[in-house]
Amino acid sequence: MLSRILVAVVCIPVLIAVLLVCPPVCLPIILAVMCAITVHESMYATGEVKNKGLVVTSMVVAMLIPFWFYFGAEPNVGIALAFGFLVAAGSFAIASDRQVTFGQIGIAGFAAFVIPSLLSVFVLIADLEHEKFFILLPFVSAFTSDAFALFVGMACGKHKLAPKLSHKKTVEGSLGGFLGSVLCCVVYGFIVQYFWGYVPNLPVLVLYGLVGSLLSQLGDLFFSYIKRESGIKDYGHLLPGHGGILDRFDSVVFCAPFTYLMVTVFPFFQF
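Overview of the structure. (Residues numbered from 1 in each chain as written. Predicted model: local features only at pLDDT ≥ 70, side-chain atom pairs only at ≥ 80, totals over all residues. Heavy atoms only, no water.)

1. Observations concerning the overall build of the chain
- Counting secondary structure elements, the chain contains ten helices and four strands.
- If you list the helices and strands of the chain from N to C, you get α-α-α-α-α-α-α-β-β-α-β-α-α-β.
- What you see for the chain is a C-alpha radius of gyration of 19 Å, in line with the 18 Å of a compact globule of 271 residues.
- By principal-axis analysis of the C-alpha atoms, the chain measures approximately 60 × 45 × 30 Å.
- Here the chain holds 271 residues, and the buried ones make up 46% of them.
- In the chain, the proportion of contacts linking residues at least 24 apart, taken out of those at least 6 apart, comes to 74%.
- Carbon together with sulfur atoms contributes 73% to the accessible area of the chain, which is approximately 13700 Å² in total.
- Once the 14 positive and 14 negative side-chain charges of the chain are each reduced to a mean point, those two points are 12 Å apart. (Helix = DSSP H or I, 4+ residues; strand = E, 2+ residues; numbered from the N terminus. Rg over C-alpha atoms; globule rule 2.2 N^0.38 Å. Buried < 20%, exposed > 50% of the residue type's maximum accessible area, 1.4 Å probe, protein only. Contact = heavy atoms within 4.5 Å. Areas by Shrake-Rupley, 256 points an atom, 1.4 Å probe, with all protein chains shown as cover. Lys, Arg positive; Asp, Glu negative; His and termini not counted. Charge placed at Lys NZ, Arg CZ, Asp CG, Glu CD.)

Below you can see the structure in the form of structure tokens.
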């Protein structure tokens, strides 16, 4: 637990600096590195795909997607990425003498396109007007939901939420996650009002906190499902106490696209 807290204390200020202080081009660079790591974790570290050529191809595609978003997500470039991946994957499958299965190609496609595309939504959020007030929201919802669920579950958790996926998660912890997410999203709204004078739309923030926590917990359980199916405890050991990048950002993968979609529809603040 101590290492988990220490990593959070060190990494959260770095995360805020990357999102709010560093030049805009730093965001796709950081995301590209994260996407490459998630590919390795979801394919090679799980043992689901061991063909190095297919893993490397997926890592390259995954690293290009944040820059594709950054430079406007031109359809022709997206088609070229998909076509290049298909040609490479097909070549590796044929050359492998049926050692690379269709299922492995599907996993490679999921790792190369789906997860990086959802993480790259941060590039779209960063391009919105008043983006600095929105880009932290996925982390506020996901991380506080995770934290409250953990501590409430440790304090009074009795009823297992999904015992076949995680023996530690409880119904009480889940409810604590909902409460924590809503509370922290509302507090975030008041912080924005106090420092910048923009009045928060509290019903929207409450709704965001509730749905954000639901998606956060769904993301956590979904990636836990993959881990259990692969017979591993963590995706990696890059973040002590947390595991790999996917262990820490599994909930964010689900929260980020929801944040972007909701922000473009509902007024979170009166600017």
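2. Description of the pattern of salt bridges
- Taken as a whole and judged by the stated rule, the model has four salt bridges.
- For Asp 146, the salt bridge is made with Arg 248, and the minimal N-O distance between the two is 2.7 Å. Of this pair, Asp 146 sits in helix α7 (residues 137–156) while Arg 248 sits in helix α10 (residues 245–263), and the two are 102 residues apart along the sequence.
- Residue Asp 220 is joined to Lys 169 by a salt bridge in which the shortest nitrogen-to-oxygen separation is 3.4 Å. With Asp 220 in helix α9 (residues 202–230) and Lys 169 in strand β2 (residues 166–170), this pair connects stretches of sequence that are 51 residues apart. (Salt bridge = Lys/Arg side-chain N within 4 Å of Asp/Glu carboxyl O.)

3. Describing the packing of helix α5 (residues 102–119) against α10
- Put simply, α5 and α10 touch, their axes get as near as 8 Å, and they point 70 degrees apart. Put simply, α5 runs roughly perpendicular to α10. Of the residues in α10, those in contact with Ile 115, Leu 118 and Leu 119 of α5 are Leu 246, Val 253, Ala 256 and Pro 257.
- A class-by-class count of the residues in the contact of α5 with α10 yields seven nonpolar, no polar and no charged. (Axes fitted to C-alpha atoms, helices over the stretch in contact; angles between N-to-C directions. Parallel < 35°, antiparallel > 145°, perpendicular 65-115°, else oblique. Nonpolar A, V, L, I, M, F, W, Y, C, P; charged D, E, K, R; others polar.)

4. Examining the pairing of β2
- In the sheet, strand β1 (residues 160–162) pairs with β2 via two bridges, with the strands oriented antiparallel. Within β2, the position partnered with Ala 162 by the bridge is Ser 166.
- Here β1 folds back onto β2, and the loop between the two strands holds three residues. (Pairing = 2+ DSSP bridges.)

5. Remarks on the nonpolar core
- If you look at the biggest cluster of nonpolar residues, it comprises 63 residues, and the most contacted ones within it are Met 43, Phe 122, Phe 134, Tyr 188 and Phe 268.
- The element that contributes the greatest number of residues to this core is α10, accounting for ten residues.
- Excluding anything up to four places from it in sequence, Met 43 contacts Glu 48, Val 49, Leu 54, Val 55, Ser 58, Ile 107, Ala 108 and Ala 111. (Core = buried A, V, L, I, M, F, W, Y, C linked by side-chain atoms within 4.5 Å.)

6. Considering the environment of Pro 75
- Inspection of the secondary structure assignment puts Pro 75 in helix α4 (residues 75–95).
- For Pro 75 and Cys 184, which are 109 residues apart along the polypeptide, the C-alpha to C-alpha distance reads 38 Å.

7. Digging into a nonpolar patch on the surface
- Taken together, Leu 183, Val 187, Ile 191, Tyr 194, Phe 195 and Trp 196 make up a surface patch of nonpolar side chains, about 680 Å² in accessible area.
- Turning to its location among the elements, Phe 195 is positioned in helix α8 (residues 171–196). (Patch = residues over 30% accessible without salt bridge, like charges linked within 9 Å, V, L, I, M, F, W, Y side chains within 5 Å.)

8. Focus: the packing of α7 against α8
- Following both chains from N to C, one finds α7 and α8 inclined at 140 degrees, their axes separated by 7 Å at the closest point. Viewed along their axes, α7 and α8 adopt a mutual orientation that is oblique. Seen along the crossing, α7 lies across α8 with a hand that is right-handed. Contacts between α7 and α8 involve Leu 137, Val 140, Ser 141, Thr 144, Ser 145, Phe 148, Ala 149, Val 152, Gly 153 and Cys 156 from the former and Glu 172, Gly 173, Gly 176, Gly 177, Gly 180, Ser 181, Cys 184, Cys 185 and Tyr 188 from the latter.
- In terms of residue class, the contact of α7 with α8 is made up of nine nonpolar, nine polar and one charged. (Left-handed = near helix turned anticlockwise from the far one by under 90°.)

9. Digging into unusual backbone geometry
- Positive phi, close to 55 degrees, is recorded for Asp 97, a residue that is not glycine.
- For Asp 97, the location among the structural elements is in the loop between α4 and α5.
- Although it is not a glycine, Arg 98 adopts a positive phi angle of roughly 70 degrees.
- Within the secondary structure, Arg 98 sits in the loop between α4 and α5.

10. Points about the packing of aromatic side chains
- Taken as a whole and judged by the stated rule, the model has 25 aromatic pairs.
- Ring centres of Phe 139 and Phe 249 lie 6.4 Å apart, and the angle between their planes is 90 degrees; this geometry places the pair in the edge-to-face category. Of this pair, Phe 139 sits in helix α7 while Phe 249 sits in helix α10, and the two are 110 residues apart along the sequence.
- We classify Phe 139 as buried; its relative accessible area is 9%.
- Counting every residue linked through ring pairs, the aromatic cluster contains Phe 133, Phe 134, Tyr 194, Phe 195, Trp 196, Tyr 198, Tyr 208, Phe 258, Phe 268, Phe 269 and Phe 271.
- One cation-aromatic arrangement involves Lys 50 over Tyr 44; the distance from NZ or CZ to the ring centre is 4.2 Å.
- Note that Arg 248 overlies the ring of Phe 143, its terminal NZ or CZ placed 4.5 Å from the centroid. (Phe/Tyr/Trp six-rings, centres within 6.5 Å; stacked < 30°, edge-to-face > 60°. Lys NZ or Arg CZ within 6 Å of the ring centre and 35° of its normal.)

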